[in-house]
Structure formats: C-alpha cells, structure tokens
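Listed below, chain by chain, are the residues.
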Amino acid sequence: MKIHKEGRGIIAILFAILLSVNFVAYYFVVSTILKWCLGIISFSFFAFVVRFFRKPNRKLIIDENKIFAPADGEIVAVEQTNEGEYFKDQRIQVSIFMSVWDIHINWFPIGGIIKYFKYHPGKYYVARLPKSSTENERTSVVIEDDKKRQILVRQIAGIIARRIISYAQEDLKVQQNAELGFIRFGSRLDVFLPLNSKVKVKLGDKTKGAKTVIAEF
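Below, the structure is looked at part by part. Just so we're clear, the structure is a prediction, and the values are computed from it rather than from any experiment. (Residues numbered from 1 in each chain as written. Predicted model: local features only at pLDDT ≥ 70, side-chain atom pairs only at ≥ 80, totals over all residues. Heavy atoms only, no water.)

## Comments concerning the pattern of salt bridges
Next up, step 1: Considering all chains together, one arrives at 13 salt bridges under this definition.
Next up, step 2: For the salt bridge of Lys55 with Glu179, the shortest nitrogen-to-oxygen distance reads 3.4 Å. Taken together, the residues span a long stretch of sequence, with Lys55 in strand β2 (residues 54–55) and Glu179 in strand β12 (residues 179–183) at a distance of 124 residues.
Next up, step 3: On the basis of relative accessibility, which here comes to 22%, the residue Glu179 falls in the partly exposed class.
Next up, step 4: Glu144 serves as the salt-bridge partner of Lys148, at 3.6 Å between the closest nitrogen and oxygen.
Next up, step 5: Judged by its relative accessible area of 61%, Lys148 is exposed.
Next up, step 6: The structure contains a network of salt bridges with shared partners spanning Glu83, Glu85 and Arg154. (Salt bridge = Lys/Arg side-chain N within 4 Å of Asp/Glu carboxyl O. Helix = DSSP H or I, 4+ residues; strand = E, 2+ residues; numbered from the N terminus. Buried < 20%, exposed > 50% of the residue type's maximum accessible area, 1.4 Å probe, protein only.)

The following block contains the structure:
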C-alpha cells in the first residue's frame, strides 16, 4: 500500500507525538493497564490515519464520451438544479459523499482545459446536507474538453474536513482521471453536467474514483 503525498508529513509528525507520549507513559505511569490502554488507543488511531491517506493503484482510463466519478463514496444526489456560480442555468447535479473510511483522493472526471477555478471560504455543515454545496468551504473547477463540453466539479469540506487541497489552475490542461486534489477527513463532491448527459448512477450507489462511470455525454 502506498501513502499519498498529502499524508506523509502528517503521519511522520503523528508517529513522533504518539511515540513520545507512550515513552513518557512507560516511565511515569504506574498502572500497567493504563499503559496498555494508551498503547492500544495510540496504535489504533495511527493505523486509522495511515489508512485514510492510502493511495490505490488505479489504471488510468481515457474515454472522451464518459464522465468518471471524481471520488470514492456514495451517491447522495442525482437531480436537476440551477447552478448559479458559473453556468447560471439548469444542470444535472450528481453528488458523492465521502465518509472517513473512503479514499479521499479526487480525480478529474474528464480531460481538457480548466476554464475556471475559485476557492470559497465557508462553514462546515455535514457534507450530506444539500446546503453544504453552497455554504461550506469549497472549490469550484470548470473543465472544458476538446469538443467544448463543460462540467463543473465542486470539492466541499464537511463537518470534520478542514482542508481542501486542489491542484487545479486556470488554463491548465489536465488529463482525464489525473489527480484533482485531496480533502482531509469526510467530505463531498458535486458534479454539474449538461442536461443532455446520460446519468449512469442512482441514489445509494457506491463509486470508485477514476473507475465508475457516472454519466455519458
């Protein structure tokens, strides 16, 4: 198992802190039971963090007519809605909720040129709630492919997530299913599609980022 670059520093610091805490406890805590409890809790927490930052080995799939899931998670919304930030018209919204157990790498659903990028500071409502799409901390990325078809991908921080990392920059050419970024600890992604898109997922479906086809142009 590989560790994502966004987690290596955090894991190293956490290891040093937990090692120090357990070292002090070994010499200054009298109770053997407390020492064991602290050790087990420390190991479990460290294992959870390492698992969170795992990086899967996924084959890069290129298909210009398909729109891939930008994240692992669960489909929590498939609906027609008004996208008021960039398109300012009706779009099909497909939303994926990532729990703390999911891989939190994000991928570009299509390839092309980034036409728009914006970071929005905001609140930290539970990411499953619809209002998180417009009120939480988030980034918005619009990608235009070679046929001038555009989609918007929105990274949204959740109640636990406090850091959105995006590799997107305006005018940057990106490859389909290359890494878009990373969100730390529980979050959501919204994808806004043209109305003539053929949606291939439904509520409750599980997705694999860069593997599951959520729609076709």
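## Digging into a nonpolar patch on the surface
Next up, step 1: Taken together, the side chains of Phe23, Val24, Tyr26, Tyr27 and Phe28 present a nonpolar region at the surface, about 650 Å² in accessible area.
Next up, step 2: With a relative accessible area of 67%, Phe28 lands in the exposed category. (Patch = residues over 30% accessible without salt bridge, like charges linked within 9 Å, V, L, I, M, F, W, Y side chains within 5 Å. Areas by Shrake-Rupley, 256 points an atom, 1.4 Å probe, with all protein chains shown as cover.)

## Here's the deal with the sheet that holds strand β15 (residues 206–207)
Next up, step 1: Spatial strand order, β11-β7-β8-β9-β13-β5-β4-β15: 8 strands in an open sheet with antiparallel pairing. Each having just a single partner strand, β11 (173–174) and β15 make up the two edges of the open sheet.
Next up, step 2: The pairing of strand β7 (residues 112–120) with β11 spans 2 bridges and is antiparallel. Looking across to β11, one finds that Gly112 is bridged to Val174. (Pairing = 2+ DSSP bridges.)

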